[in-house]
Amino acid sequence: MYAYPFSYHRAKSLAEASKLLQQLGDESRVLAGGQSLIPLMKMRLARPSALIDINFVPGLADIQSPNGELRFGALARHADIEVSEAAAAIPILNDCAAGIADVQVRNQGTIGGSLAEADPSGDWGATLLTLETSVQCTGPQGERSIALEEFIKDAYTTVLAHDELVREIIVKRPPKSSGGAYLAFKRSAPVYATVSAAVQLTLDGKDICKDVRIVLGCVGLTAIRAKQAEAELHGKKVDGKTIQRAAEAAREAAEPQSDMRGSADYKRALVAALVKRAIGTAVRRARGERVEAGHEYVGR
Amino acid sequence: MATTLRTKTKKAKAPAASGPAKWVGQPIRRKEEDRLVRGKGIFVDDQKLTGMLHIRFVRSSYGHAKIVKVDVSKAAALPGVVCTLTGAEVKGMVKPFIEIGPDVGQKIADYPMAVDKVTFQGDPVAAVVAETRMIAEDAAELVEVEYEPLPPILSAEEALKDETLVHPEMGTNRNWHGVFEYGNVEKAFKQAAHVVHIGRLHFHRFSSTPLENNAMIAVWDSRSERIEYWSNNSFPSFAAQFLSPALGVGIDQILMKSFDIGGGFGIKITNYPYMAVCALASRKTGGLPVKWAETRTEHMQASAHGNERTFFGTRVALDKNGVITAIDSRHVDDCGAYPRYEPLGCVIWAQVLPAAYRVKNVRIDMNQVVTNKCPVGPNRGYSRMQQLWFMERVLDICGHTLGISIDEMRLRNYIRKDEMPYTTPNGCVYDSGDYAGMLALGKKLIGWDDWKKKQAAARKDGRWIGIGIGSTLDSGTNNFGQARIINNFAPFSGQSKAAIAKLDIYGEVVVSMGSVPQGQGHETTAAQVVADVLGISPDLVRVKPGFDTEQNAYTGHTGTYASQFAVAGLSAIHGAAVKLRKEMARLAAWALKAKEKDLEFGIGAQGPEVRDKRTKKSINYWGLANLVNVNNAGMPENLWDVTLNCRHVYHAPFQIPDTKRKYGNLTLTYAAQIHIAVVEVDRETFQPKILAYACVDDCGRTINPRIVEGQVHGCTAHGIGAALMENCAYDSDGNMLASTFSDYTPITAVNMPDLLYGHMESPSPFSYNGAKGMGEGGAAPVHTVCAGLQDALYSSGVIIDDSHNTGDSIFHALQRASSGGFAIMVRVEHPRASR
Ligand SMILES: Cc1cc2nc3c(=O)[nH]c(=O)nc-3n(C[C@H](O)[C@H](O)[C@H](O)COP(=O)(O)OP(=O)(O)OC[C@H]3O[C@@H](n4cnc5c(N)ncnc54)[C@H](O)[C@@H]3O)c2cc1C
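Residues numbered from 1 in each chain as written. Chains lettered and ligands numbered in written order. Predicted model: local features only at pLDDT ≥ 70, side-chain atom pairs only at ≥ 80, totals over all residues. Heavy atoms only, no water.

**A look at helix α16 (residues 522–534) of chain B**
All names here are of chain B. Under the convention used in this document: Where helices and strands are cited, they refer to DSSP runs of H or I of at least four residues and of E of at least two residues respectively, numbered from the N terminus. Take the residue count of a helix, subtract one, and multiply by 1.5 Å to get its expected span. Only protein chains enter the accessibility calculation, which uses a 1.4 Å probe. A residue is then buried if its area is under 20% of the maximum for its type, exposed if over 50%, and partly exposed in between.
Given a rise of 1.5 Å per residue, 13 residues ought to cover 18 Å, and the 18 Å separating the end C-alpha atoms of α16 matches this to within 8%. Most of α16 is tucked away, with 13 of its 13 residues classed as buried. Within two residues after α16, Gly 535 carries a phi angle of roughly 70°, on the positive side.

This is how it looks when you write it as structure tokens:
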């Protein structure tokens, strides 16, 4: 369990980190929380020649909520977001942050690292796709803002250039009468979900769905937006029947593979169950109820 | 949060020649706790010796393949690499390990590394020894191995076909076969009111996940001609018996040492092949210490798994009341690529042949096969849990099909309290126990009647809620004579443990016993026993844990396995302490000019002492030790035999079983666990959830209730993990699919229900202290959770036929059920239903 040899560099700013990435070449990598990168290195599945540590860049872990937005510095830890009052205003963010792995991982792992890693089972990707999310990036050419939909291209692949870094994640605050929920089934705490479902919707006064996004995690190369499922709710009254139809449509949208977490058939069944429940929680939250939600685990 | 309920117990009678039971039975904190929770434990990997080298294994990526070529030249050339070893080279340095099995089993050539072919994924084919672990890891990647893949054998059914052989020299894959038949099975079937036929049942492969993986340091010292081991092997005297002939050194030249061990559960008993390689590596380097610290992936792939067992063609005869009168079945155990501790498992299950039930007529056709999976090791609950699970499935399936409630089914079939000691059809003697009483306590704890009502109401709402009972026996202190049933020539029998109790030269009370605790708290319970014998307190007793050939007591049976410390271990310690007390009394009588009968033991102004009740004169322990060791002019000749260093060997009262009839007493004590679980299967996610869980244990007299409760909690977690999460699965190519924790998902706190805990005491008549071993727990939750699932899903046509159940498997079982799966699994005949 030893990584291949690598050199270690500490960046004082993102500009410096970008420059180092350029100088040190293709095999150099950014180190954020290290919760994806270090295990891969120890198992010798990743072999970077150099690590550029951004943990000492000042201000990069800040969480701010200026007008109508939430801004997460790339280094904001899952645990920071879990306890952040600003983030609590958007419950789906808390569902996601509080449910990632275990305390150790949450204390180290970062939101920026998660998105940059683009793990098909990552919790942040699926969650943030239900919101208006943009990724602020810093590179040699300066800054650019990329919509999250464009940012993640494929499994473990983003549009970031080698010498480009995530600086900030900006989430637009949903309008009034909105609610969301992120619900995953995980076998135990420190493992990735088997299936997850993220739902964010806006209601009018009569439970008619004005806007909705439904995203599925772990059942495709990237998180999947279940557009047909959304259509089953859009402009309609959200009730048992429409929820059921949306859940069935989501089942169809999933493209799961069989593995140790479960068979493809079963994962589809889980998609339907989780989407149904997530819609239920989202609706109650949209109506202004406080609903505590936790992931599903084996045994309880 | 655990809730505890205890039934009243009578005060233990103080055994002769010892003080009153003041400490035994008390929930005192563990002596070893402080060291362990502060990170001050001393584990193998903490040891750093001068000149120490590190070994790394190169392992097969195939489950079954011919080795065409192994090229270590690039690895050997890497700076910092000291030497390499290949299987072919090792073959020239050792003899194959002895095999316990007879006949075809004797033909297996089990070398410590793969020679011509690999037989499981992770099989070691080469090793590199280097100055640092990192260099060793780099070098291992430079070893080039060429394979020619062979078709892997991955199930009992495939193995029995003998189309591909795991070990061609055996001529078959079946390494053991024997029929265990008692009573008159055919007659019972003829007279039965109901006969239930059950299709294939399967007990899955799972393991234990000790926090500390296998670890060892070997030094083959060419000057002393000795091999010194510091390891976490949990049965060192057994390992030495395997290593000595293989390495060609006298058993007295093999020194074993251990100290703190981070969990074992039996899995570390069979790490001796790696011990052999480490010794050979040390010899090759000219006698430098060689350390191996296993990685988690190595542990999951290639240390040891628990036994997998498949049950075929089961027939059950019952009378009109649902009392089981006969069982006839064929069992095939899968021991993986090499037997090693096996085929002992082919008899060990018979310790609990009828489980907790009165069935008299039994025929079990027992088989074991080798496959291309990781070799098995005696995993907690070893071989008995498979049989207990089988019997519990039989009870539940019969109960449900005949419409008898599962609690009633058990009450009608349980061995009764007034039948104890109870002799089973195969001659085992259940020492004591009150299974019906335990069930009653469990029902009270969980609120049985209330749950029954809730269950009925929930069913109406379409929910799947089941209430399951698991009846489990934890047989402890095994009779090695049962090995003769496996192989008439096996050179071991009985059971023994040794201990030394001494007053060291400054009067310290020191106890050693050579046991290898891995969390069982031996230091504490040993100190409690000695404190009572001498009338002092446990903190005044220094207990030396671990095995140490040169320093601590041991016999050829010494190790920590088979739930026996509370009986065999503590009997040895008690015996040694009583001997010490007698010597101290003789010495004190002379020193105090008193009569022995007037002496009392206790703690005085100058520490622990012996005093004359009449004169109030006393001598403290330092004074007594001084008389023997420092200041002994004038000591009368009749005291010259006093050493204050007393060794005692405890022998369990066993006979060699009748090997023809496969009859005899195979274990001394039978602790019991009755668990009850309320399980709900979610109708949408199909996930099983445990709504309530109660465990009731009875391990006779408890030495330390806190330790017992801790063991129950641990066993319960282990079993729930096995039932719902943990599975050593293989794909059809022989790849082990759970080689990391992300895949194996050992149980974590979020998966655990709150436990309701209850305790009863049925003292064993066969141990001096009334105690019974209880550390294994018999995988009680595996039976219990399966029973709960069965209750929840029976009405949907599902038969729980596997010990491992997930949302996924339940989802598929329900699909099969809707296409007529039930009829294939269970068939009922009523030949004489009127009787
Ligand atoms: C046991 C365990 C269980 C886990 N379970 C879950 C889970 O259930 N759900 C889940 O979502 N995650 C899980 N994770 C992963 C965890 O959330 C990680 O924190 C996350 O995936 C990566 O974030 P990090 O900060 O640790 O990134 P790192 O590991 O440091 O980096 C990951 C990758 O992103 C790149 N990178 C990091 N930061 C930046 C940046 N600012 N700009 C550009 N590139 C960057 C790195 O170069 C690297 O390639 C688990 C991890 C472990 C160890």
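Read on for the rest.
**Here we look at the pattern of salt bridges**
Inclusion rule: Should a side-chain nitrogen of Lys or Arg be within 4 Å of a carboxyl oxygen of Asp or Glu, the pair is scored as a salt bridge.
Counting across every chain of the model gives 73 salt bridges over all chains. In this structure, Arg 284 of chain A and Glu 289 of chain A form a salt bridge, with 2.9 Å as the shortest nitrogen-oxygen distance. Accessibility expressed as a relative area gives 35% for Glu 289 of chain A, which makes it partly exposed. Arg 827 of chain B serves as the salt-bridge partner of Glu 829 of chain B, at 3.2 Å between the closest nitrogen and oxygen. Look at Arg 827 of chain B and you get partly exposed, because its relative accessible area is 45%.

**A closer look at the site of the ligand**
Residues and elements named next belong to chain A. Quick reminder of the rule: We call a residue near a molecule or strand as soon as one heavy atom of that residue lies within 4 Å of the molecule or strand. Here a polar contact is taken to be a pair of N or O atoms separated by no more than 3.5 Å, where protein atoms must pair a possible hydrogen donor with a possible acceptor and residues adjacent in sequence count only if both atoms sit in side chains. Only the protein chains shown count as cover for residues, with accessible areas throughout obtained via the Shrake-Rupley method and a probe of 1.4 Å. Residue polarity follows a fixed list, in which Ala, Val, Leu, Ile, Met, Phe, Trp, Tyr, Cys and Pro are nonpolar, Asp, Glu, Lys and Arg are charged, and the others, Gly among them, are polar.
Near the ligand you find 30 residues, and of these Val 30, Gly 34, Gln 35, Thr 110 and Asp 123 are the closest. The side chain of Tyr 192 places a nitrogen or oxygen atom 3.2 Å from a nitrogen atom of the ligand. About the coverage of the ligand: the protein hides 92% of its 960 Å² of free accessible area. For the shell around the ligand, the secondary structure elements donating two or more residues are β2 (28–31), α7 (111–117) and β10 (165–172). With four residues, α7 is the single largest residue contributor to the shell around the ligand. Its residues assigned to classes, the shell around the ligand comprises 16 nonpolar, ten polar and four charged.

**Some remarks on the packing of helix α17 (residues 565–591) of chain B against helix α18 (residues 621–629) of chain B**
All names here are of chain B. Formally: To get an axis, fit a line to the C-alpha atoms, keeping to the stretch in contact for a helix; angles then go from 0 to 180 degrees between the N-to-C directions. Throughout this description, any angle smaller than 35 degrees is read as roughly parallel, any larger than 145 degrees as roughly antiparallel, any in the 65 to 115 degree range as roughly perpendicular, and the remainder as oblique. We call two residues in contact whenever any of their non-hydrogen atoms come within 4.5 Å of each other.
Packing of α17 against α18 brings their axes to within 10 Å, and their N-to-C directions diverge by 90°. Here α17 lies roughly perpendicular to α18, going by the angle between them. Residues Met 584, Leu 587, Ala 588, Trp 590 and Ala 591 of α17 form the contact with α18, whose own contacting residues are Tyr 621, Leu 624, Leu 627 and Val 628. Tallied by class, the residues present in the contact of α17 with α18 amount to nine nonpolar, no polar and no charged.

**Thoughts on the sheet that holds strand β23 (residues 541–544) of chain B**
Residues and elements named next belong to chain B. Spelled out, the test is: By this definition, two strands are paired if DSSP reports at least two bridges between them.
Taken together, the four strands give an open sheet; going across it, the order is β23-β22-β21-β27, and neighbouring strands pair in mixed fashion. The sheet terminates laterally at β23 and β27 (645–651), the two strands that pair on one side only. On average, each strand axis in the sheet is inclined to that of its neighbour by 20°, with strand direction left out of account. In this sheet, strand β22 (residues 509–512) lies alongside strand β21 (residues 496–503) in antiparallel orientation, the contact comprising four bridges. Counted as the bridge partner of Lys 502 is Val 510 from β22. In the packing of α17 onto the sheet, the strands contacted are β21, β22 and β27, and the crossing angle to β27 comes to about 145°.

**Observations concerning helix α13 (residues 435–446) of chain B**
Residues and elements named next belong to chain B. Over its twelve residues, α13 runs 16 Å from end to end, which matches the ideal 16 Å to within 8%, given 1.5 Å per residue. Of all twelve residues that make up α13, nine are buried, and the element is covered over most of its length. Every buried residue of α13 is listed here: Tyr 435, Gly 437, Met 438, Leu 439, Leu 441, Gly 442, Lys 443, Leu 445 and Ile 446.

**A word on the interface of chain B and chain A**
As a reminder, the rule being used: Put simply, buried area is the surface a 1.4 Å probe can reach on two separate parts but cannot reach once they are joined, added for both.
Facing the 38 residues of chain B at the interface are 28 residues of chain A. Summing both sides of the interface, chain B and chain A together bury roughly 2700 Å²; the carbon and sulfur share of this comes to 53%. At the junction of chain B with chain A, the criterion picks out seven salt bridges. Salt-bridge contacts for Glu 137 of chain B lead to Arg 44 of chain A; the nearest nitrogen and oxygen are separated by 3.5 Å. At the junction of chain B with chain A, the criterion picks out 18 residue pairs in polar contact (both at pLDDT 80 or more). Classifying every residue of the side of chain B that touches chain A gives 16 nonpolar, twelve polar and ten charged.

**Overview of the packing of helix α12 (residues 264–286) of chain A against helix α22 (residues 807–818) of chain B**
Where α12 of chain A meets α22 of chain B, the closest approach of the two axes is 9 Å, and the angle between their N-to-C directions is 100°. By the angle between their axes, α12 of chain A is roughly perpendicular relative to α22 of chain B. For the pair α12 of chain A and α22 of chain B, the contacting residues are Asp 265, Tyr 266 and Ala 269 of chain A in the first and Gly 807, Asp 808, Phe 811, His 812 and Gln 815 of chain B in the second. Its residues assigned to classes, the contact of α12 of chain A with α22 of chain B shows three nonpolar, three polar and two charged.

Just geometry here; none of it tells us what the structure is for.
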